[in-house]
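Here is what each chain is made of, one letter per residue.
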Amino acid sequence: VALSFLRKEFQMSNAEAGGLVSLFLIAYALVQLPSAWLISKFGVRKVFPVSMVLTSIATGLTGMVNSLFALKLCRLGLGIAEGPLPIGVTATINNWFPSKEKGTASGIFLSSVKFGPVVTPIIGAAIISAWGWKEVFLFFAIPGILLSVVWYLLVANKPSESKFVNQAELDYISEEAVQNTT
């Protein structure tokens, strides 16, 4: 939604605009393997909220750039910062859901990944109409920071580490309750 405004402000050709979009995707793809290692070493409870905060910072900084070079750095940083998020969600689903519910949880996650691009342009266009293109990035930076705090406070690496999970829930998640009744 904001790309046409970015192209106008920073005088980009089609190729440069494509390159700008690709910077995010290349960084995002390259960070996948190290992200899996980071999550296995430090846990999803630490890596996920840090990634969300860094994603929000890169998003917010995009709304404050004053050069094409700075914009490219923000896109590169966004890809690097956002890379661990899908791996973190997958790790959380694997740790927090019994086998019979992992498919449903993954389906909800994948649906939300597809639903975001449907809603975001509508909200983005409304923000641009009301305030401008820079404010889109500032506005979209806020939820990630807030949700990272919620994630850190509520989601442990594993259910057994959570103060919000009782023994019956642990048994259900680990499928011991099912094994004990058969």
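These figures come from a predicted structure and were not determined experimentally.

Parameters at a glance
Residues numbered from 1 in each chain as written. Predicted model: local features only at pLDDT ≥ 70, side-chain atom pairs only at ≥ 80, totals over all residues. Heavy atoms only, no water. Helix = DSSP H or I, 4+ residues; strand = E, 2+ residues; numbered from the N terminus. Buried < 20%, exposed > 50% of the residue type's maximum accessible area, 1.4 Å probe, protein only. Phe/Tyr/Trp six-rings, centres within 6.5 Å; stacked < 30°, edge-to-face > 60°. Lys NZ or Arg CZ within 6 Å of the ring centre and 35° of its normal. Patch = residues over 30% accessible without salt bridge, like charges linked within 9 Å, V, L, I, M, F, W, Y side chains within 5 Å. Areas by Shrake-Rupley, 256 points an atom, 1.4 Å probe, with all protein chains shown as cover. Salt bridge = Lys/Arg side-chain N within 4 Å of Asp/Glu carboxyl O. Core = buried A, V, L, I, M, F, W, Y, C linked by side-chain atoms within 4.5 Å. Polar contact = N/O pair within 3.5 Å; in protein donor to acceptor, adjacent residues only side chain to side chain. Contact = heavy atoms within 4.5 Å.

Caption draft 1: Structural detail: the overall build of the protein. Helix and strand counts for the protein stand at ten helices and zero strands. For the protein, the N- to C-terminal ordering of α and β elements is α-α-α-α-α-α-α-α-α-α. For the C-alpha atoms alone, the extent of the protein along its principal axes is close to 65 × 35 × 25 Å. Evaluated residue by residue, the protein yields a buried proportion of 37% over its 182 residues.

Caption draft 2: The arrangement of the packing of aromatic side chains in detail. All told, the structure shown has six aromatic pairs when counted by the stated rule. A centroid spacing of 6.3 Å and a plane angle of 85 degrees characterise the contact between Trp37 and Phe42, whose relative ring orientation is edge-to-face. Phe42 gets classed as partly exposed once you look at its relative accessible area, which sits at 41%. What links up through ring pairs into an aromatic cluster is the set Phe10, Trp133 and Phe137. Taking the ring centre of Phe42 as reference, the NZ or CZ of Lys41 above it sits at 5.8 Å. Looking at Arg45, its charged tip hangs above the ring of Tyr152, at a distance of 3.9 Å from the centre.

Caption draft 3: View of a nonpolar patch on the surface. There is a patch of nonpolar side chains on the surface, built from Leu147, Val149, Val150, Tyr152, Leu153, Leu154 and Phe164 and spanning about 670 Å² of accessible area. Mapped onto the secondary structure, Val150 falls in helix H8 (residues 133-154).

Caption draft 4: Examining unusual backbone geometry more closely. For Gln11, which is not glycine, the phi dihedral falls at a positive 50 degrees. For Gln11, the location among the structural elements is in the loop between helix H1 (3-10) and helix H2 (14-30).

Caption draft 5: Summary view of the nonpolar core. By size, the foremost hydrophobic cluster in this structure holds 18 residues, and its most contacted members are Ile39, Val44, Phe48, Trp96 and Trp151. Elements represented by at least two residues in this core include exactly helix H4 (44-62), helix H6 (84-96) and helix H9 (167-174). Counting residues per element, this core draws most heavily on H6, at six residues. In terms of nonpolar packing, the next biggest core, distinct from the first, is built from 16 residues, Leu20, Ala70, Trp133 and Phe137 among them.

Caption draft 6: Region of interest: the side chain of Ser56. Turning to its location among the elements, Ser56 is positioned in helix H4. Within the local environment of Ser56, its side chain forms a polar contact with the backbone oxygen of Ala141, the two atoms lying 3.0 Å apart. Polar contacts involving the side chain of Ser56 include one to the main-chain amide nitrogen of Ile145, which spans 3.3 Å. The residues touching Ser56, leaving out its near neighbours within four places in the chain, are Ala141, Gly144 and Ile145.

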